[in-house]
Structures are given as C-alpha cells and as structure tokens.
Amino acid sequence: MRHLISIADLTNEEIEEIFALADDAQNLRAVKPASGQIMATLFYEPSTRTRLSFESAMQRLGGSVISCSDMKASSTAKGETIADTARVVSSYADVLVVRHHWDGAVQAMAEQADVPVINAGDGSHEHPTQTLCDLYTLRKEKGAIKGLTVVLCGDLKNGRTIHSLVYALARFGANVVTLAANGMALPQYVLEHLERDYDYALTPVDADDLGAVVTETDALYLTPKQPHQLALFTQVDQVIQAQLNTMAAGLRYDVFYMTRKQKERMGDGSPDEGYPTIGRDFLRAQRFQDTVVMHPLPRVDELSPEVDKDRRGIYFKQAAYGVPVRMALLKFLFDRRAQKRSAAKRSTIPYESPERLGPQCRNPNCVTLKEPVSSARRFELRLPVQDDALILTCSYCDHRFKVQFAGNVKSKRYHFFDSALAPALNDWLSKGELALFDSIKEAEELGYEPFKSGPHRVLMADAEIRNALAEMSAAILRDCRDPERLLILGVRSAGSQLAQRLAAEIEIRCGCKPEVGEVEIYGPGEELRRISPAEADAGALNLRDREVILVDDVIFTGRTVKSVLSIIFRSARPQSVRLAVLIDRGHREVPVKPNYVGKNIPSSEHDRVRVRLRELDADQTDQVVIYSIVNPSETRVQAAEPSTSGGN
Ligand code: CP
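Everything quoted here is computed from the prediction, not taken from an experiment.

Asker: Outline the overall build of the chain, listing residues and values.
Answerer: Counting its regular elements, the chain contains 19 helices and 27 strands. Looking at the chain residue by residue over its 648 residues, the buried ones come to 59%. Restricting the contact set of the chain to residue pairs at least 6 apart, pairs at least 24 apart contribute 74%.

Below is the structure:
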C-alpha cells in the first residue's frame, strides 16, 4: 500500500508529476476521478488549512468525506488505540488523512490500514503535504528551486513543516540559511540526515545583515559540501572569520520562510522575547527587496500584517495552493493504490531486536513510547559501522540515539560497543543474531555474559595522565586571549571529567576557574549543559563569542568531534573552538586536528583504547589501557572479564 508519511516517500520525479497534475486541477475538477471514493479525516490536533483544503480537494475530485469533528468525542476518549482506530476507519474509507500530536503516530496507523494514509502532521516530526504546497509555491513564484537560497526562520526545532521542507530543499538543490530563535535550532538528527543523505554541510555565517529580522541569533548556511566547510572550524581564527563574513555578505536571500513558535510542544514559561519577527524593518531593507516571504500559517505575532499588502508576502497564495496540490496528491495516490511504499534511497538497514528486551527510542514524544501497543521497536541501523558509536534511528520518528551494548544471541555474550566489533556485528545482523541493549542490566536479565578480552597493556599511568593534563592546561592558558571568555566543554562522559580536571588546573595557574560545560551527542535530553558554576541562577550555557576548549578522552575517526562541532555552531557562534584530547590514536576519517594532545598512541582499529578514570570506573587510579576483544564470534566457553564502561 502506498502511503505518504514522510517527504522521503516521494521521489523528485513523483513530486514533479504531482505538480503537473496540480497545474491541471481544473481538468481534474471536471473529470472527477475520485467519484464514489470516500476520504476519512482523523485530526487529533487542530487545523484549518490542512483539513479544509484536503476536504475541499476530495469534494472537487468528485469524492466525499467522513470525519470526526473532534477526536476527543471519538472512541479515543474511551481508550481506543490509534492502531485499532486506523484499522477500523480504513474499512470505512478509501484514504485516511491523519494529524496527530505524537511523532511517528501516522506511521503506526499506516501499518494497520488497508488504504493509503496521508500524514497531515505528526508531532514535531514531519508535515509532507505542507512541503508539497511550499515547493509548488516556490516553483510558481521563482521557477526552478535549484540554486535558490531559502532562509528558514523561527522555531526550527519543533516546526514539523520545517523538517519536511529542509529535506526537500536539499533534494532539489537549494541552499538553506537557518535562522533559529534562541534554543529552537534545527535538531541534530535533521542536520545529520542532510549531511548523510544529501551531502550537505553547514557553515556558520554572520547574521548581521539579517538584523532586520533578528539581532540575537546566529545563522547557519547549509549547502552541498564545499572546501571551506572541511576546515571544520577547530580553529576559528580571524582569517576564517573574515572568509565567513565575506561569504555572508555575498548571499542573495530569495525566500524568507517564517514560522511561529510551536507553543503547544513546549513547557510553559519559554520566553517570547528575542523571537524573530518580520515587519517594517524587513520591508525597508535594501537587502530583501527581492525576497519573498512565506509562512505555513497560522501566524501569531512573528509576521506583521503590513507584509500582507506587500508584493513579497505570498503566504495566502501558498495556503490557496493547498487545494490543487492536495487534489493532485489524492489522484496520484489513488492511481498507485496497488504499489508498495516507494523505496526511498536509504543507506540504513532495518533492525528489530531478536530479544524481548532491547533499545527504546529516546524521544519522549515518540509513538513507540506513548503507545507501545500500536508500534514495534523497529529501527534503522547504519552499516557498515564506521562511527565510534553504534547509532540507531527510530523508524517512526527519525530520532537517532547511541546504543551502548552489542551481543550475540547464540553465544549469549555482550560487550560495550566498540568499532573493533564492526565486522562481527555485520555478520550477526545478517544472520539475525545481533542483540543490542541499552544497559548491562537488560543484557544480564536475559542471561548474557561479557565477552572475553585479551591482556590489557597500560599505556599511561596515573602520574603521566596528571602531568599531561597539567601541560595541556598550561598550553591552553598560553593560547588564551581572554581567560574570562574561556569555556571548557567536555564530551560526555570521560571528556566531561577531563574538562573538569583541566578547569581545576587552570584555576591553580591563573586564580580564576573557567566555566565548564558538557556536550552529549544522541543523548535523551539537552545537548549542551553547564557543569560549573552549578548555581541555578547562572542561566543557560552561552557559547556566543566564547573561547571554547572542546575536551575528549580519545580521538580516532574524528566523527565525534565533527558532530559536536555542529552542535556547538547550531547553538551559537563562539569566537574560537580548540580541541584538547588525552589520546590521539592517529587515524582520521574527518580532517580535524587536535590543538592539545596528552599522548599520541598510533593504534589499529582492532585495538581498543580505553581511558579509565577514577570518577567513572570506580578504580583507585587513572589509566589508559590498550587491548583487543578475543574472537567475538566464538560461542561461550567461560566467563570473561567484564569491560563495560565508556571509551573508544
Ligand atoms: N499549515 C498548516 O498546517 O495549517 P493548519 O494547522 O491550519 O492545518
């Protein structure tokens, strides 16, 4: 059955085909190709445009509509699951159009339905039919989408229209500038998707010339990869700053895509001040004379009514295109009822745990957590494993997270994930023997025991680690232009501990303790947080104009650092970012070079190098050790030494 859950379910050619049908909407209206068909609209969240334009589209195609005026007045109120609702209603109608407040809910419903299901917006995840309207509007107003520069502005974190749109813009070859309201940046999983699947990369640009819209925010420029992005900004010096400023000054902004703050997805108390607005200043700025303004609507106060009267304000036209575009989409899906879901180009492999226990999505708004009975624990796994981490992507909400432990169902052994295990994991996955776990507790509850590891060789002992940190802190201070602006930012977990030790060393040397923060990739909560000072009134961690020292225990492929840099630059534009690592293993896939290194230890990818710290490993002393995992595919013979905490 062919559904539309994500914009990835349509190829570019299919989108063009839908647009050609939309151009011919008058003819569709005359021919009435949906005569005798019924569309059911199930809207668990409020809507004006999407719902009414779908209903209008179906009626103009000659079909009819059934609906629940308020889902709270449906059997949902009695506790009926979304899976049951979808199954039942799909026997009453020929197509379902569903909006739901949970990420991934429409996918879960599509899995139960015998008719096409269209996602009319699921939580913060996607809103693919809005994107079709947006692209159609762009095509009508600007001709080709390729090469346009589109500024996405406002709440880029929670705005589902933005997530579908940014993928589509990348696919059609547009450049994107993100101008997020404070704390509402594009999520990391969206950025990584852009990078992985469309070869886009981000560059921080000076937002000064966007001052007519916002003054508090930094902008990011997303383009197909270019040489300047390879610098990765581990040393954002004056030369790079100048290059970025020149690039920003040369940008031509074709489109401003404004969005409202998605208050319904936030806790109370998120401040409105500093939220970008478009009004008189924007209209007067020479810079934006040819920039059209779009908005998915509804608007609140971010878009002044003055823009309505200006030729550049095209958002009502954009809303009006909703009918022909949705007529075209319905006709397109009816014609393909017998087809399977489109094979979107994916470089990932489906993964379902062969065990009763196993990883769970970390997105608290994901349908898999909200209503597990209506969904499976299904993920996509990126293979071959090249990362320093094993990353699963939830098949329902697209959120990505790190898995800690990998095991084999036959040998009933497990190990902390290690890139040295990658060939074995590939093999187990192909045989259905790969068991992944979020915790040792899960693995041991199922009777798993740790893998054997070879002899451990100590590469650095306590005193040498202490001396290395002292030397690194001295070097950091020597390079520091203003100790007041210094921020020591550790990568969780070992990097955070080392960051705190470096900060303590710096305090001994200069008498003032720098602020310490922590960054977590693929964690369940905030990506950036303050460690010290710990007082609640210290406010949020602010990276703007800071001299950031990024600290990690080990650098190998460089991918971790790359992900962290993108988190940093999404948050704000620091004055500089320098990298400090205790161990440099010498191999690199990503061209990042640490500025401060405790010790160079060239080692192969089969070696396992671990930094064991007192605070994390309950040891008496610190150590850096190297060892290998002994024949991970061997079936269990005897219990082995546990090796279960972080490292590389
Ligand atoms: N753009 C959009 O989805 O509007 P509604 O919420 O009114 O459907």
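Asker: Account for the packing of helix 6 (residues 128-142) against helix 12 (residues 322-335), with residues named and values stated.
Answerer: Interaxial distance between helix 6 and helix 12 falls to 9 Å at its minimum, and their mutual angle equals 120°. The angle between helix 6 and helix 12 falls in the class oblique. The way helix 6 lies across helix 12 gives a crossing that is right-handed. The segment helix 6 lies against helix 12, with Thr129, Gln130, Leu132, Cys133 and Tyr136 engaging Gly322, Val325, Arg326 and Leu329. Residues that form the contact of helix 6 with helix 12 fall into these classes: five nonpolar, three polar and one charged.

Asker: Before we move on, could you go through the packing of helix 16 (residues 462-479) against helix 17 (residues 494-510) and cite the residues and values that matter?
Answerer: Packing of helix 16 against helix 17 leaves a shortest axis separation of 9 Å and a crossing angle of 65°. With respect to the hand of their crossing, helix 16 and helix 17 are arranged in right-handed fashion. Where helix 16 abuts helix 17, its residues Leu469, Ala470, Met472, Ser473, Ala474, Ile476 and Leu477 lie against Leu498, Arg501, Leu502, Glu505, Ile506, Arg509 and Cys510. Split into classes, the residues belonging to the contact of helix 16 with helix 17 amount to ten nonpolar, one polar and three charged.

Asker: Give a description of the sheet that holds strand 23 (residues 547-555) that names residues and reports values.
Answerer: Paired through backbone hydrogen bonds, the strands of a sheet run either parallel or antiparallel to each other. Spatial strand order, 22-21-20-23-24-25: six strands in an open sheet with mixed pairing. Among the strands making up the open sheet, the edge pair consists of strand 22 (528-532) and strand 25 (596-600). Neighbour to neighbour, the strand axes of the sheet diverge by 25° on average, direction disregarded. In this sheet, strand 22 lies alongside strand 21 (residues 515-519) in antiparallel orientation, the contact comprising four bridges. Residue Val516 lies in a different strand from strand 22, and its bridge partner there is Ser532. The sheet strands contacting helix 18 (residues 559-571) are strand 20 (486-491), strand 21, strand 22, strand 23 and strand 24 (576-584), and the helix crosses strand 23 at an angle near 160°.

Asker: Just give me the short version of the side chain of Thr41, but keep the residues and values in it.
Answerer: Tracing the backbone shows Thr41 in strand 1 (residues 38-43). Of the polar contacts made by the side chain of Thr41, one reaches the side chain of Ser67; its length is 2.7 Å. Those residues in contact with Thr41 that lie beyond four places of it in its chain are Arg51, Glu55, Val65, Ile66, Ser67, Cys68 and Val97.

Asker: Describe a nonpolar patch on the surface, naming the residues involved and giving the relevant values.
Answerer: A cluster of nonpolar side chains, namely Ile66, Val88 and Tyr92, defines an oily patch on the protein surface of about 260 Å² accessible area. Along the chain, Val88 falls in helix 4 (residues 82-89). The exposure class assigned to Val88 is partly exposed, which follows from its relative accessible area of 36%.

Asker: Hey, could you go over unusual backbone geometry for me, with residue numbers and the actual values?
Answerer: The step from Arg492 to Ser493 runs through a cis peptide bond, and the omega angle for that step is 10°. Look at the link from Ser532 to Pro533: it is a cis peptide, with omega at 0°. Within the secondary structure, Pro533 is located in the loop between strand 22 and strand 23. Of note in the backbone geometry, Asp398 takes a positive phi value of approximately 70° without being a glycine. When you line up the elements, Asp398 lands in the loop between strand 13 (390-394) and strand 14 (400-403).

Asker: Help me get a handle on the nonpolar core, residues and values and all.
Answerer: Among the nonpolar cores identified, the biggest contains 93 residues, and Leu152, Leu169, Leu330 and Leu550 are the most heavily contacted of them. Ranked by the residues each element gives to this core, the list is headed by helix 12, at nine residues. Ignoring any residue separated from it by four or fewer positions in sequence, one finds Leu550 in contact with Leu489, Val491, Val519, Val561, Val564, Ile568, Val577, Arg578, Leu579 and Ala580. The next biggest cluster of nonpolar side chains, apart from the first, holds 44 residues, and it includes Ala40, Ile82, Ala110 and Val117.

Asker: Let's hear about the site of the ligand: which residues, and what values?
Answerer: Near the ligand, the surroundings consist of Ser47, Thr48, Arg49, Thr50, Arg99, His127, Gln130, Pro296 and Leu297. A distance of 2.6 Å separates an oxygen atom of the ligand from a polar atom in the side chain of Thr50. Side-chain polar atom of His127 to an oxygen atom of the ligand: 2.9 Å apart, as the coordinates give it.

Asker: Can you explain the pattern of salt bridges? Please cite residues and give values.
Answerer: Tallying each qualifying case throughout the model produces 39 salt bridges. The salt bridge involving Glu45 is made with Arg160; its shortest N-O contact spans 3.0 Å. Highlighted residues: Glu45 in the loop between strand 1 and helix 3 (49-60) and Arg160 in helix 7 (residues 160-171), separated in sequence by 115 residues. Between Glu264 and Arg260 there is a salt bridge; the shortest N-O distance is 2.8 Å. With a relative accessible area of 17%, Arg260 lands in the buried category. Linked through salt bridges whose partners overlap, the residues forming this network are Asp462, Arg466, Arg501, Arg614, Glu615 and Asp622.

Asker: I'd like a description of the pairing of strand 17 (residues 434-437), backed by residues and values.
Answerer: Residues Leu434 and Leu436 point to one face of strand 17 and Ala435 and Phe437 to the other, with burial holding for every one of them. Sheet topology note: the strand 15 (residues 405-408)/strand 17 ladder contains four bridges and is antiparallel. Note that in strand 17 the partner of Gly407 across the bridge is Ala435.

Quick notes on the rules
- Residues numbered from 1 in each chain as written.
- Predicted model: local features only at pLDDT ≥ 70, side-chain atom pairs only at ≥ 80, totals over all residues.
- Heavy atoms only, no water.
- Helix = DSSP H or I, 4+ residues; strand = E, 2+ residues; numbered from the N terminus.
- Buried < 20%, exposed > 50% of the residue type's maximum accessible area, 1.4 Å probe, protein only.
- Contact = heavy atoms within 4.5 Å.
- Axes fitted to C-alpha atoms, helices over the stretch in contact; angles between N-to-C directions.
- Parallel < 35°, antiparallel > 145°, perpendicular 65-115°, else oblique.
- Left-handed = near helix turned anticlockwise from the far one by under 90°.
- Nonpolar A, V, L, I, M, F, W, Y, C, P; charged D, E, K, R; others polar.
- Pairing = 2+ DSSP bridges.
- Polar contact = N/O pair within 3.5 Å; in protein donor to acceptor, adjacent residues only side chain to side chain.
- Patch = residues over 30% accessible without salt bridge, like charges linked within 9 Å, V, L, I, M, F, W, Y side chains within 5 Å.
- Areas by Shrake-Rupley, 256 points an atom, 1.4 Å probe, with all protein chains shown as cover.
- Salt bridge = Lys/Arg side-chain N within 4 Å of Asp/Glu carboxyl O.
- Core = buried A, V, L, I, M, F, W, Y, C linked by side-chain atoms within 4.5 Å.
- Near = heavy atom within 4 Å.

Limitation: the analysis is restricted to geometry and does not speak to function.
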